[in-house]
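Summary of the model geometry
Listed here are the chains, written in short residue letters.
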Amino acid sequence: MSRKLLAFLLSELATIRIICRNGMCGAITEIPINRLADTMKANCCPVCRSPFCNQQLERPPNWLARLAEVLTGLQKTADLVDVEFVLPDNAEQPAAARNALAPTVTH
Ligand SMILES: [Zn+2]
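To keep things clear, this report deals only with the structure shown in the data block. (Residues numbered from 1 in each chain as written. Predicted model: local features only at pLDDT ≥ 70, side-chain atom pairs only at ≥ 80, totals over all residues. Heavy atoms only, no water.)

Structural notes on the coordination of the zinc ion
Those protein atoms acting as donors to the zinc ion are C20 (SG), C25 (SG), C45 (SG) and C48 (SG), and they sit at 2.3 Å. What the four donor atoms of the zinc ion show is an angle range of 108 to 113° at the metal, which sorts the shape as tetrahedral. Look at C45 and you get buried, because its relative accessible area is 1%. (Donors = N, O, S within 2.8 Å, 3.2 Å for Na, K, Ca; no water. Tetrahedral: all angles 85-135°; square planar, octahedral: opposite > 155°, others 65-115°. Buried < 20%, exposed > 50% of the residue type's maximum accessible area, 1.4 Å probe, protein only.)

Spelled out as structure tokens, the structure:
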């Protein structure tokens, strides 16, 4: 059985999309990785200003700024280690095959 996978390397990642889950907003903001930390400094939706953090926490973390730090840090060391994201293309497979997906190690 062949399995179709979609894969990309972290070093290839240039832009991400931030999706606001505020019920009436739903804005999708495309941001280059190298501008993510600055763009998301306010830690809220750039359209509706809804916060992107858990307000119940005493000091809500800015997860998007942390993500930017990790992504850019790993991209700087991509010649030493890279990360590949693998998405199974489930569109052409029966349910039984989709459920059989498991992590694989290749050399
Ligand atoms: Zn929003």
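Regarding the side chain of N62
Topologically, N62 is positioned in the loop between α1 (36-39) and α2 (63-76). Looking at N62, the relative accessible area reads 17%, which means it is buried. Apart from the residues within four sequence positions on either side, N62 is in contact with M40, K41 and N43. (Helix = DSSP H or I, 4+ residues; strand = E, 2+ residues; numbered from the N terminus. Contact = heavy atoms within 4.5 Å.)

Points about the environment of L5
Note that L5 resides in strand β1 (residues 5-9). Sequence separation between L5 and P88 is 83 residues; the distance between their C-alpha atoms is 4.6 Å. If sequence neighbours within four positions are ignored, L5 has contacts with V86, L87, P88 and D89.

Examining the packing of aromatic side chains
Inspection of every chain in the model, using the stated rule, returns one aromatic pair. Considering the side-chain rings of F8 and F85, the 5.2 Å spacing of their centres and the 25° angle between planes classify their relative orientation as stacked. One end of the pair, F8, is in strand β1; the other, F85, is in strand β4 (residues 84-88), with 77 residues separating them in the sequence. For F8, a relative accessible area of 30% corresponds to the partly exposed category. With relative accessibility at 34%, the residue F85 sits in the partly exposed group. The side chain of R66 reaches across the aromatic face of W63, ending 4.8 Å from its centre. (Phe/Tyr/Trp six-rings, centres within 6.5 Å; stacked < 30°, edge-to-face > 60°. Lys NZ or Arg CZ within 6 Å of the ring centre and 35° of its normal.)

Looking at the pattern of salt bridges
Taken as a whole and judged by the stated rule, the model has two salt bridges. Of the charged contacts in the structure, one is a salt bridge between E30 and R17, with a shortest N-O distance of 2.8 Å. One end of the pair, E30, is in strand β3 (residues 28-32); the other, R17, is in strand β2 (residues 15-19), and 13 residues separate them in sequence. Looking at R17, the relative accessible area reads 58%, which means it is exposed. For K41, the salt bridge identified is with D38, shortest N-O distance 3.7 Å. Here K41 and D38 have matching classes, each one exposed. (Salt bridge = Lys/Arg side-chain N within 4 Å of Asp/Glu carboxyl O.)

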